[in-house]
Every structure is written in structure tokens, then in C-alpha cells.
Amino acid sequence: MQNHKISVALFLALSSVYLQTATADTVAKKQPANSGHQPSLAAKASFITEFDQNSDDNVSQAEFNLIRQQRYQQMDQHKNQQVTAVDYQTEYADRLDRKLKQERDGQIQQTHTRVKALDKDQDGAISLAEYQASGERAFAFLDTNKDLQINKQDPAPTQRTERPAAANTSAAKSTSAKPEQATARTTVRPNSVLKMPTSHNLTGMLEMYDQNQDGLVSKAEYLEQRQTAFNRTDVNSDGVLSADEYLNEFVDRLDRQVASVRTSQLKQALVRFKALDKDENSWLSQAEYDASGARMFKRWDTSGDATVTMAEVLPKAEAAPQTAEKTAATDKAGNAYNAKSRAVTSDQSSQDVAVKPN
């Protein structure tokens, strides 16, 4: 995979653009006025996976504080407790790139397995009949009312048993080595940052095959699109898909998704920075960062015992998004914030150096 590491110098060029567009993009993604963010078991599993240093499937306050302190020190390049938006984004980009690579590798590994599963006659290639038979099974799974079309009117299918997520491989290995220590976290897949649409769920099926966006996919148009995809993937036009052809087509889509996710996530990092910069002075102090961490840990530690576990009840849903009036006020304030941030970035640009690649 091409190394996506970006230097701080490039961050400096991009950050002012991101800061100008972040507020507008956030406002554009409107949600119902009474909706709130409901924490999930997958989100808690992600939190525990991220901060559990001794692999006991729990996160103590001490573990959490140590990692947060290490991250702030890494961000604070000039050791003056003044973390800029660029510093904040750079540290996050380093973690994001590692996670994207891990999940990309897992996706490719799963694709090798999928090729073998599709090749029913084990002749080393996937015929059109084998390819369409797999599609038929996926369609039948979601077409629960058997009306030869898939839409939201289909009752939810009985969920298949899923393999452990590739991103949670270490947890799975730990469990198999010490089965007596298996916990709830090993049965819950942490949230994935690199999500590819799949025909094995309704959302993915509609995203991939509902070309006219009418909210349904008929079996006829589904199989026709599968035929087109097969022909496009069959680069040498020999009527079958080799393992390389199948893999290359998927990797091409996967890498486009990696690039899209990376761009989106780095933009969101700047939105988060703005939210953490409570005094709006365009840099993040140790106190501001610690206050954010304290809120995060307290939210997940619903039992109040200074340890986050999967057994604890989930936090309550967060407050509904701000009203249109508040959003407009935030947007107005954001313009002034962005101007200050660009000034700080410009002033500091001569002091920054490129990030060393891993």
C-alpha cells in the first residue's frame, strides 16, 4: 500500500482550508432536531481496545490517563503546552494511518478467503456461474418476503454468525490462548474506520446496487449489474476471474475508500480540535486536553469505579444536536476562529519540520 504519510508542511497548507470548510460541512449534514447520539457496545469495545494496555479487557483510569498524557506529549512538538490544530491533526494522522493499514490488510486477507469460497469446483478460477450463485445466495438472504426485490419492507433476516473482525485479531488470539479469560469484548466487534459496503446487509446492498436510488433492488437489475461487474473484472476476457483479477478489482475500490476515509477523518480531527479549544485561542492547552479526557472516561465509566468494562451499562444518549439558531451563531464565531487559527499557523510554519515516515 502506498505510504500516505503527510508532512507537517503539507498539513500547514491544508489546515486553513479544512478549518474554513469544516463548520459549513458539519452544518450541511443535518439530523432530526430531536435525535441524539446513542452509544453502542461496538463503540465501547473500540474504547477498550484503544486504551487497554495490559490486555485484561478493562480500562483503568490510570491506563487511560497514561495514554492520553503520552499523546499530548507527542502533539506538543515545541514543549510549550501549546498544541496547534496542525499538531493535533498530525498526531491523529499517525494513529489513523496505522489503523487504516491494519484494517486494509485484514480486508485483503478476507478477500483471499472469499476467492477460495467462491471457487466451488476448486479449479483456481471463478466462473460466471459461481459468481452469480454467490450473488443469488446474498439476494435470497435479504429478500425475506420473497417478492424478488429488496427494500426496507423486507423483514430483517436472521443474522449470520460472523467471524471476529480483522482489526480485533489480537483479542481473538488472546482468547484462544486463554479461553477462561474470554469476556464480552471478544464477542463484540469494535467499530471499523475502514468500512466497505457489502451485499450481506440492506444498507450495503442498496448502496452498491440501487442505481436509480428508488429504495429497492429488483433481482433482475441485481443480476444484470453482477454480470456487468464480472465482465469489467475479467480483464483478459477469458470468461473466468482469476484470483488476481478478483483481488485487484477489490483492492482498487478498497484504496479509493482508504483515501476517502482518510480525508474525511482528518477534516473531522480539525472539527474536534475546534470543539476542544474552549477559550478559542487557536491552541490546545494541557488543561483543555485533560478536561476532554476526563469527560470521555467519566462517560464510559457508568459505574463510577474508575474502570471501564463491557459489563457496565451503556451511557445515556447525548443531547440532541444544537438548533439552527445555535448552529448559525457557531458558524459566525467559527469564521473569527478560523482567521485566528490561520494567523497562528502562519506564524508557526517556519518552525515545523516534516513528519518522519514509519
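Residues numbered from 1 in each chain as written. Predicted model: local features only at pLDDT ≥ 70, side-chain atom pairs only at ≥ 80, totals over all residues. Heavy atoms only, no water.

Colleague: I'd love a proper account of the nonpolar core, names of residues and values included.
Modeller: Core analysis: the largest hydrophobic core is formed by 26 residues, its most contacted members being Tyr88, Leu100, Leu194 and Leu284. Residue assignment for this core shows that the elements contributing at least two residues are α3 (61–75), α4 (85–118) and α9 (243–276). Setting aside its immediate chain neighbours within four residues, Leu284 contacts Tyr72, Gln81, Gln82, Val83, Tyr88, Phe273, Leu276, Asp277 and Tyr289. (Core = buried A, V, L, I, M, F, W, Y, C linked by side-chain atoms within 4.5 Å. Buried < 20%, exposed > 50% of the residue type's maximum accessible area, 1.4 Å probe, protein only. Helix = DSSP H or I, 4+ residues; strand = E, 2+ residues; numbered from the N terminus. Contact = heavy atoms within 4.5 Å.)

Colleague: Would you mind going over the pattern of salt bridges in detail, with residue names and values included?
Modeller: According to the stated counting rule, one finds 11 salt bridges in the structure shown. For the salt bridge of Arg95 with Glu50, the shortest nitrogen-to-oxygen distance reads 3.5 Å. Placement of the pair is Arg95 in helix α4 and Glu50 in helix α2 (residues 41–51), with a sequence separation of 45 residues. Taking relative accessible area as the criterion, Arg95 reaches 24% and is therefore assigned partly exposed. (Salt bridge = Lys/Arg side-chain N within 4 Å of Asp/Glu carboxyl O.)

Colleague: Tell me about helix α5 (residues 128–142), residues and numbers included.
Modeller: Within an α-helix, residues lying three or four positions from one another point in the same direction, as the helix has 3.6 residues per turn. The end-to-end C-alpha distance of α5 is 21 Å, a good match for the 21 Å that 15 residues give at a rise of 1.5 Å each. Within α5, burial applies to Glu130, Tyr131, Gln132, Ser134, Gly135, Ala138, Phe139, Phe141 and Leu142. (Expected span 1.5 Å × (residues − 1).)

Colleague: I'd like to hear about unusual backbone geometry, residue by residue, with values.
Modeller: We note that Lys146 has phi near 55°; this positive angle belongs to a residue other than glycine. What makes Lys146 exposed here is its relative accessible area of 55%. One non-glycine residue, Glu280, adopts positive backbone phi at about 55°. Relative to the helices and strands, Glu280 resides in the loop between α9 and α10 (286–300).

Colleague: Explain the packing of aromatic side chains to me, and be specific about the residues and the numbers.
Modeller: Working definition: an aromatic ring pair is given by the centre-to-centre distance plus the angle between the planes. For the structure on display, the rule yields 11 aromatic pairs. Arranged with centres 5.2 Å apart and planes meeting at 40°, the rings of Phe139 and Tyr222 form a pair that is tilted. Of this pair, Phe139 sits in helix α5 while Tyr222 sits in helix α8 (residues 219–233), and the two are 83 residues apart along the sequence. For Tyr222, a relative accessible area of 0% gives the class buried. Ring-pair connections join several aromatic residues into one group, and the members of that group are Phe47, Phe51, Phe64, Phe297 and Trp300. The ring of Tyr131 has Arg226 sitting right over it, with the charged end atom 4.0 Å from the ring centre. Here Arg272 stacks its cationic end above the ring of Tyr92, 4.7 Å away from the centre of that ring. (Phe/Tyr/Trp six-rings, centres within 6.5 Å; stacked < 30°, edge-to-face > 60°. Lys NZ or Arg CZ within 6 Å of the ring centre and 35° of its normal.)

Colleague: Residue-level account of the packing of α5 against α8, with values.
Modeller: Close contact between α5 and α8 brings their axes to 10 Å; oriented N to C, the two are set at 145°. Remark: the crossing between α5 and α8 carries right-handed chirality. Of the residues in α8, those touching α5 at Leu128, Tyr131, Gln132, Ser134, Gly135, Glu136, Ala138 and Phe139 are Lys219, Tyr222, Leu223, Arg226, Gln227, Ala229 and Phe230. (Axes fitted to C-alpha atoms, helices over the stretch in contact; angles between N-to-C directions. Left-handed = near helix turned anticlockwise from the far one by under 90°.)

Colleague: Go over the environment of Tyr88, please, and point to the residues and values.
Modeller: Relative to the helices and strands, Tyr88 is located in helix α4. Counting along the chain gives 17 residues from Tyr88 to Arg71, while the straight-line C-alpha distance between them is 9.3 Å. The contact partners of Tyr88, leaving out residues within four places of it in the chain, are Met75, Val83, Ala269, Arg272, Phe273, Leu276, Leu284 and Tyr289.

Colleague: Give me the lowdown on α3, citing residues and values where you can.
Modeller: Helix length check: α3 (15 residues) gives 21 Å between terminal C-alpha atoms against 21 Å at 1.5 Å per residue, within 8%. For α3, the full list of buried residues reads Glu63, Phe64, Ile67, Arg68, Arg71, Tyr72 and Met75. Each buried residue of α3 sits inside an arc of 165° when the element is viewed along its axis, so together they form one side. (Arc of directions from axis to C-beta.)

Colleague: Provide a residue-level description of the side chain of Lys44, including the pertinent values.
Modeller: As for its placement among the helices and strands, Lys44 is situated in helix α2. Glu312 is the oppositely charged side chain nearest to the buried, salt-bridge-free Lys44, at an N-O distance of 4.8 Å. Apart from residues no more than four positions distant in its own chain, Lys44 is found in contact with Trp300, Thr309, Met310, Glu312, Val313 and Leu314. (Lys, Arg positive; Asp, Glu negative; His and termini not counted.)

Colleague: With reference to specific residues and values, describe the environment of Gln153.
Modeller: Looking at where Gln153 falls in the secondary structure, it is placed in the loop between β3 (149–151) and α6 (169–177). Its relative accessible area of 60% is what places Gln153 among the exposed residues. Separated by 62 residues in the primary sequence, Gln153 and Gly215 have C-alpha atoms spaced 10.0 Å apart.

Colleague: Run through the packing of helix α7 (residues 202–209) against α8, naming residues and quoting values.
Modeller: With their axes 11 Å apart at the nearest point, α7 and α8 run at an angle of 65° to one another. In terms of orientation, α7 and α8 fall into the roughly perpendicular class. For the pair α7 and α8, the crossing hand works out as left-handed. Within the contact between the two elements, α7 uses Met205, Met208 and Tyr209 and α8 uses Glu221, Tyr222, Gln225 and Arg226. (Parallel < 35°, antiparallel > 145°, perpendicular 65-115°, else oblique.)

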